[in-house]
Amino acid sequence: MPSGILEMGPTTSSLQSWCCSCSIAGAVIVIGQRSITDWITAALALATTAVLWRFKKIPEPAVVAVAAVIGLIVHPLVAHA
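This one's a predicted model, so the numbers in the text were calculated from it and none came from an experiment. (Residues numbered from 1 in each chain as written. Predicted model: local features only at pLDDT ≥ 70, side-chain atom pairs only at ≥ 80, totals over all residues. Heavy atoms only, no water.)

Colleague: Hey, could you go over the overall build of the chain for me, with residue numbers and the actual values?
Modeller: Secondary structure assignment for the chain yields three helices and zero strands. Tracing the chain from N to C terminus, the helices and strands come up as α-α-α. A buried classification covers 1% of the 81 residues belonging to the chain. (Helix = DSSP H or I, 4+ residues; strand = E, 2+ residues; numbered from the N terminus. Buried < 20%, exposed > 50% of the residue type's maximum accessible area, 1.4 Å probe, protein only.)

Colleague: Requested: an account of a nonpolar patch on the surface, with residues and values cited.
Modeller: Among the surface-exposed residues, Val69, Ile73 and Leu77 lie close enough to one another that they form a single nonpolar patch of about 320 Å² accessible area. Relative to the assigned elements, isoleucine 73 resides in helix α3 (residues 60-74). (Patch = residues over 30% accessible without salt bridge, like charges linked within 9 Å, V, L, I, M, F, W, Y side chains within 5 Å. Areas by Shrake-Rupley, 256 points an atom, 1.4 Å probe, with all protein chains shown as cover. Salt bridge = Lys/Arg side-chain N within 4 Å of Asp/Glu carboxyl O.)

Colleague: Outline the environment of threonine 48, listing residues and values.
Modeller: Tracing the chain through its elements places threonine 48 in helix α2 (residues 39-54). Considered as a pair, threonine 48 and alanine 67 are 19 residues apart in the sequence and their alpha carbons are 8.3 Å apart.

Colleague: Give a description of the environment of valine 78 that names residues and reports values.
Modeller: Considering the arrangement of structural elements, one finds valine 78 in the segment after α3. The class of valine 78 is partly exposed, set by a relative accessible area of 26%.

Colleague: Just give me the short version of the packing of α2 against α3, but keep the residues and values in it.
Modeller: Put simply, α2 and α3 touch, their axes get as near as 12 Å, and they point 150° apart. Judged on the interaxial angle alone, α3 and α2 are roughly antiparallel. The hand of the α2/α3 crossing is right-handed. On the side of α2, the interface is formed by Ile40, Leu44, Thr48 and Leu52, while α3 contributes Val63, Ala67, Ile70 and Val74. (Axes fitted to C-alpha atoms, helices over the stretch in contact; angles between N-to-C directions. Parallel < 35°, antiparallel > 145°, perpendicular 65-115°, else oblique. Left-handed = near helix turned anticlockwise from the far one by under 90°. Contact = heavy atoms within 4.5 Å.)

Colleague: Provide a residue-level description of the state of the cysteines, including the pertinent values.
Modeller: Per the counting criterion, the structure on display carries zero disulfides. Its sulfur unpaired, cysteine 20 is 7.0 Å from the next cysteine sulfur, which belongs to cysteine 19. Residue cysteine 20 is classed as partly exposed on the basis of its relative accessible area of 48%. (Disulfide = S-S within 2.5 Å.)

Here is the structure:
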């Protein structure tokens, strides 16, 4: 096998980065469609997106913990049919 075929170049690196970004975006869309089923979840998703857009350095466990607390507070207040 020629030595230059498997070497990483600027084009290969940017292509891999683009593919990874597209894969993650696709996964977000699929998971979002399956998990956002009511207006409360949609509002929580939009609020989380806004907070993460504004404050970029919030650690992921903090986001999950705050969302869990909000879910525990809101769930008993919502009448499920």
